[in-house]
Structure formats: C-alpha cells, structure tokens
Amino acid sequence: MMNMSSSATSKPRRFVFSNVEEKELCEERLRDLGETVSEVAGFDMETTHLIVDKPVRSEKLLCCLAGGRWVLHTSFIERMVACGKYVPEEEKFEWGNPLSSGRLPSFPPGDLAQELAESAYRWRTKVNGSAEGAFKGLKAMLFTTPAKSVSYQRLIIAGGGVVLPSILSSVSMATHCFMEINKVPNLTVPLSEFVTNNVPCLLPVYLAEMLTSASPNMQDSLIPEYKKLLAQNK
C-alpha cells in the first residue's frame, strides 16, 4: 500500500534531509519503516517532509517554505521508530508550530533560525496542501550565473511561480526580474526595457525575503542600476 502524506493533497510521502548530523542513520530508519527517502541532490519537487536538526537558510528549506511542505525536527523520526510505523503527528514536531512549543529547541527572538521556523509554519498553514505556493502569480526573468539560475528556478517553481526565458519578448509578460548584474556582463535585455514595462529588477535575496518577512521591502532590494534609471525617467 502506498504511503500517503497527511496533507490535503494526499501525496505519497517523500522525506528529504538538510542540516542533519546523523542523516544516514535517519534515512536507514525511515526506509526500514517502508518510507520513501529522496535521493535527488538538489530540491526534489515531490518532497512532502523536510527533516532538519535546526532551520538554516538552504535551497531545500526555502523551497519547502515556498511550497508549504512540512518542515520537521529530527525527533519526528524517533517518534515513528518508537511506534514502528508512520504516525500523523507532524504538528507536534513542526518547526514554528505552537503545538511543538517546549518539545523542540527554542531560539532567541530575531534569530535567523527562529525566523525560518516561524516562516515554515506560516507558509505550510497558508498553502495547506493546495497547488498554490508562495510565488503564485510571479513570472520571473533571471540574470545570474547558470548554476544560480538553476537553483533560483527550482525555488520559484516550488512556490508555484513561472520562470520566463531571458529574452526581450519576455519583458512584457514578466512581473519580476532577479538579477546579479556583476555576474552577467552582457545583458541580453537592456535595463531600460524593464523600467519602461514597470518590471522591478531585484537582487535574488528578495526571493528569500518574500518567504521569511511578513512585509518584504521591495525598494531595498532593487539593484542600484535600476534605481538610477528609474529616477531618471521620473
């Protein structure tokens, strides 16, 4: 019988690990229980549960935030092992969930780990197993190194967004452009086109801010070159 997630979509459970000290042991224990553990190097789009010792800003964690997936403490596996099977008690081991208070490690207010934990719970409950993620409606163009483009693309798609080709004809359809201009010496699209079409050109870090801040500040993440052109066109 297929192992199904406890989310509203009833997807088959697929566990993935990030920042776990005893990763191999945890994977073995899950497989012994008949659970599926992802072997994908990057983010696996079929992930339902992310297991971490402590929330840290990684591609896997940000993708899980964007897609509203479970982000759980390693002790959830210990609970399953003790029961000898999967138990639908994720909320008791979910980072940021009030029901896990006192059970999981705590962090000072303002600490990055605390910020990520709160964001994990916020987005999981907001998305709640639906097909809509944190980036629903976002149509992005990317200008950075090939490796980083692949990583940012996975993040945007995990959150229900769309990545458009980095060509002139895409500008009129785009809602955002994420750019590291110092890493792309020869832009295929002039910055003036983004200004004309009211498409903000932002540092990629804004993607993380959209996930971890209740009120992300877009103006602070605009690249200086775009700001300069914007001021000239007022």
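Conventions we followed
Residues numbered from 1 in each chain as written. Predicted model: local features only at pLDDT ≥ 70, side-chain atom pairs only at ≥ 80, totals over all residues. Heavy atoms only, no water. Pairing = 2+ DSSP bridges. Helix = DSSP H or I, 4+ residues; strand = E, 2+ residues; numbered from the N terminus. Contact = heavy atoms within 4.5 Å. Axes fitted to C-alpha atoms, helices over the stretch in contact; angles between N-to-C directions. Disulfide = S-S within 2.5 Å. Phe/Tyr/Trp six-rings, centres within 6.5 Å; stacked < 30°, edge-to-face > 60°. Buried < 20%, exposed > 50% of the residue type's maximum accessible area, 1.4 Å probe, protein only. Lys NZ or Arg CZ within 6 Å of the ring centre and 35° of its normal.

A. Inspection of the sheet that holds strand S6 (residues 176-179) at higher detail. The four strands are arranged S5-S4-S6-S7 in an open sheet whose pairing can be described as parallel. Taken across any chain shown, the strands that pair with only one partner, and hence form the sheet edges, are strand S5 (162-163) and strand S7 (201-202). Summarising the sheet, S6 and S7 pair through two bridges and their orientation is parallel. If you follow Phe-178 over to S7, its bridge partner there is Leu-202. Across the sheet, helix H5 (residues 146-158) is in contact with strand S4 (139-143), S5 and S6; its angle to S4 comes to roughly 165°.

B. Region of interest: the state of the cysteines. All chains considered together, the criterion is met by zero disulfides. Between Cys-26, a free cysteine, and Cys-83, which holds the nearest cysteine sulfur, the sulfur-to-sulfur gap is 16 Å. With no disulfide of its own, Cys-201 lies 4.1 Å from the sulfur of Cys-177, the closest cysteine sulfur.

C. Region of the structure containing the packing of aromatic side chains. Taken as a whole, this structure holds three aromatic pairs when the rule is applied. Each ring, one from Phe-76 and one from Phe-93, has its centre 5.6 Å from the other, and the planes form 55°; the classification is tilted. On the criterion of sequence distance, the pair formed by Phe-76 in helix H3 (residues 75-83) and Phe-93 in the loop between H3 and helix H4 (112-127) is long-range, its members being 17 residues apart. Here the two residues Phe-76 and Phe-93 agree in accessibility, since each one is buried. Arranged with centres 6.1 Å apart and planes meeting at 85°, the rings of Phe-143 and Phe-194 form a pair that is edge-to-face. Linking Phe-143 in strand S4 with Phe-194 in helix H6 (residues 191-196), this pair joins segments that are 51 residues apart in sequence. With relative accessibility at 0%, the residue Phe-194 sits in the buried group. Taking the ring centre of Tyr-86 as reference, the NZ or CZ of Arg-13 above it sits at 3.6 Å. Note that Arg-103 overlies the ring of Phe-93, its terminal NZ or CZ placed 5.0 Å from the centroid.

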